[in-house]
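# Survey of secondary and tertiary structure
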Amino acid sequence: MRKQIIAANWKMNGTLDQAKKLLEAFANENASLTVDENKIAVFAVPAPYLLLAKDILKGSPYLEVAAQNCYSKKSGAFTGEISVEMLQSIGVKYVLIGHSERREYFNETNAFLAEKVNISLEYGIAPIFCCGEPLDIREANTQNDYVASQIAESLFQLSKIEITKLIIAYEPIWAIGTGKTASSAQAQEMHASIRATLATKYGNDVARKISILYGGSVKASNAAEIFAQPDVDGGLVGGASLNAEEFINIINA
Ligand code: PGA
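First, a word on scope: everything that follows refers to the structure included in this document. Quick caveat: nothing in here was measured; it's all calculated off a predicted structure.

### Some details on the overall build of the protein chain
Helix and strand counts for the protein chain stand at 12 helices and 8 strands. Relative to its length of 253 residues, the protein chain is compact, with a C-alpha radius of gyration of 17 Å against a globular reference of 18 Å. Considering only C-alpha atoms, the protein chain reaches an extent of 45 × 45 × 35 Å along its principal axes. Per-residue burial for the protein chain yields a buried fraction of 53% across its 253 residues. Of the contacts formed within the protein chain by residues at least 6 apart in sequence, a portion of 73% connects residues at least 24 apart. Accessible surface for the protein chain amounts to roughly 11,100 Å². Of this, 52% is attributable to carbon and sulfur atoms. When the 23 basic and 28 acidic side-chain charges of the protein chain are each reduced to a single mean position, those positions are 4 Å apart.

So this is what it looks like as structure tokens:
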């Protein structure tokens with residue numbers, strides 16, 4: 001059975017006080033959240049709040065903490081970067097890699113993301129690998145090939161065992177923060193295509209084990225329909241994850 005994962009991506013939002021209140025709201029609601037060993041919630045908080053998040057969520061077994069980024073090297077003279085060794089040392093188990101905002105504003109390429117994926121797995125941190133097409137690619141109807149090359153160029157160096165430790169998040173760029181969600185049919189079609197891409201390289205058994213999340217304007221009002229699709233194993237949620245009540249409803253969807 002594939003893990004169901006609802007991941008919150010706070011992006012660059014919130015002060016320490018706001019982060020504390022939001023995390024406490026989830027920790028306090030833990031008993032009423034529909035989470036268990038096969039259905040977890042992951043909070044990708046800004047780096048300065050990682051330890052705080054670990055601390056506040058420590059009594060909530062199925063609420064996990066993720067970093068929003070990491071660097072591709074183990075350590076050294078890379079001012080301002082965060083290493084996976086640092087993340088491992090504070091007990092962070094997940095890291096977002098290749099979010100479209102990192103690709104777009106920080107010029108992160110598929111080859112560079114492959115290095116980040118490799119080093120994360122080396123340190124036992126599960127990458128939540130983001131992929132997804134811009135609007136012009138969707139309009140040209142070449143999105144399946146576009147996303148397949150993102151996956152091939154950043155992930156196909158991995159072994160069968162390594163790839164099953166990774167989570168994929170499909171986020172069409174035209175749906176991120178725009179209020180425009182992919183329809184559940186569009187999400188399902190792409191998720192099935194991603195699984196087929198994985199199957200060509202690793203076989204069906206491996207492809208079936210990998211959780212693929214949908215991201216892009218997920219809200220409490222559309223979550224249930226999208227998550228009900230057979231190849232959609234949860235969501236990566238930006239804006240709506242900053243509102244405790246809304247995100248709790250998304251988790252319970
Ligand atoms: P959104 O962001 O939910 O605000 O569209 C999703 C994301 O960028 O991960």
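Alright, that's what it looks like, and here's the rest.
### Brief notes about the site of the ligand
Of all residues adjacent to the ligand, which total 13 residues, the nearest are Lys 11, His 99, Glu 171, Gly 177 and Ser 217. For the ligand, an oxygen atom lies 2.7 Å from a polar atom in the side chain of Glu 171. Here an oxygen atom of the ligand and a backbone polar atom of Gly 239 are 2.8 Å apart. Here the ligand loses 95% of its free accessible area of 290 Å² to cover by the protein chains. Residues belonging to the shell around the ligand are distributed by class as follows: 4 nonpolar, 7 polar and 2 charged.

### Things to note about the packing of aromatic side chains
Counted according to the given criterion, the structure contains 7 aromatic pairs. Aromatic side chains Phe 26 and Phe 43 sit 4.8 Å apart centroid to centroid with 45° between the ring planes, which places their arrangement in the tilted category. Taken together, the positions of Phe 26 in helix α1 (residues 16-29) and Phe 43 in strand β2 (residues 39-44) put the pair 17 residues apart, joining distant regions of the chain. With relative accessibility at 0%, the residue Phe 43 sits in the buried group. Here the aromatic rings of Phe 156 and Tyr 202 are separated by 5.8 Å at their centres, their planes lie at 85°, and the arrangement is edge-to-face. Here Phe 156 is found in the loop between α7 (143-155) and α8 (160-163), whereas its partner Tyr 202 is found in helix α9 (residues 184-202), with 46 residues between them in sequence. Put simply, the rings of Phe 26, Phe 43 and Phe 247 touch in pairs and so form one group of aromatic residues.

### Some thoughts on the sheet that holds β2
Spatially, 8 strands are ordered β1-β2-β3-β4-β5-β6-β7-β8 in a closed barrel, and the strand pairing comes out parallel. Neighbour-to-neighbour, the strand axes of the sheet open up by a mean angle of 25°, direction not taken into account. Inspection of the sheet shows strand β1 (residues 4-9) paired to β2 by 6 bridges, in the parallel sense. From the neighbouring strand, Ile 6 faces β2, where its bridge partner is Ala 41.

### Some remarks on unusual backbone geometry
Positive phi values are uncommon outside glycine, yet Lys 11 reaches one of about 55°. Relative to the elements of secondary structure, Lys 11 occurs in the loop between β1 and α1. With phi around 55°, Ser 217 is a residue other than glycine that occupies positive phi space. When you line up the elements, Ser 217 lands in the loop between β7 (212-215) and α11 (220-227).

### Here we look at the packing of α1 against helix α12 (residues 244-252)
Two numbers describe how α1 lies on α12: the axes approach to 10 Å, and their chain directions differ by 40°. Judged by the angle between their axes, α1 and α12 are oblique. As for how α1 packs across α12, the hand of that crossing is right-handed. Residues Leu 22, Ala 25, Phe 26 and Glu 29 of α1 form the contact with α12, whose participating residues are Ala 244, Phe 247 and Ile 248.

### Observations concerning the pairing of strand β3 (residues 63-67)
Counted residue by residue, β3 has 5 buried out of 5 residues, so it is predominantly covered. Sheet topology note: the β2/β3 ladder contains 4 bridges and is parallel. The residue bridging Ala 41 from the neighbouring strand is Leu 63, located in β3. For the handedness criterion, the β-α-β arrangement of β2, helix α2 (residues 50-56) and β3 is classed as right-handed. Two elements, β3 and strand β4 (residues 94-97), share 2 bridges in a ladder whose sense is parallel. Each bridged residue has a counterpart across the sheet, and for Ala 66 the counterpart in β4 is Tyr 94. On the question of chirality, the crossover connecting β3 to the parallel β4 by way of helix α3 (residues 84-89) is right-handed.

Rules behind the numbers
- Residues numbered from 1 in each chain as written.
- Predicted model: local features only at pLDDT ≥ 70, side-chain atom pairs only at ≥ 80, totals over all residues.
- Heavy atoms only, no water.
- Helix = DSSP H or I, 4+ residues; strand = E, 2+ residues; numbered from the N terminus.
- Rg over C-alpha atoms; globule rule 2.2 N^0.38 Å.
- Buried < 20%, exposed > 50% of the residue type's maximum accessible area, 1.4 Å probe, protein only.
- Contact = heavy atoms within 4.5 Å.
- Areas by Shrake-Rupley, 256 points an atom, 1.4 Å probe, with all protein chains shown as cover.
- Lys, Arg positive; Asp, Glu negative; His and termini not counted.
- Charge placed at Lys NZ, Arg CZ, Asp CG, Glu CD.
- Near = heavy atom within 4 Å.
- Polar contact = N/O pair within 3.5 Å; in protein donor to acceptor, adjacent residues only side chain to side chain.
- Nonpolar A, V, L, I, M, F, W, Y, C, P; charged D, E, K, R; others polar.
- Phe/Tyr/Trp six-rings, centres within 6.5 Å; stacked < 30°, edge-to-face > 60°.
- Pairing = 2+ DSSP bridges.
- Axes fitted to C-alpha atoms, helices over the stretch in contact; angles between N-to-C directions.
- Parallel < 35°, antiparallel > 145°, perpendicular 65-115°, else oblique.
- Left-handed = near helix turned anticlockwise from the far one by under 90°.
- Right-handed = clockwise from strand over helix to strand, strands pointing away.

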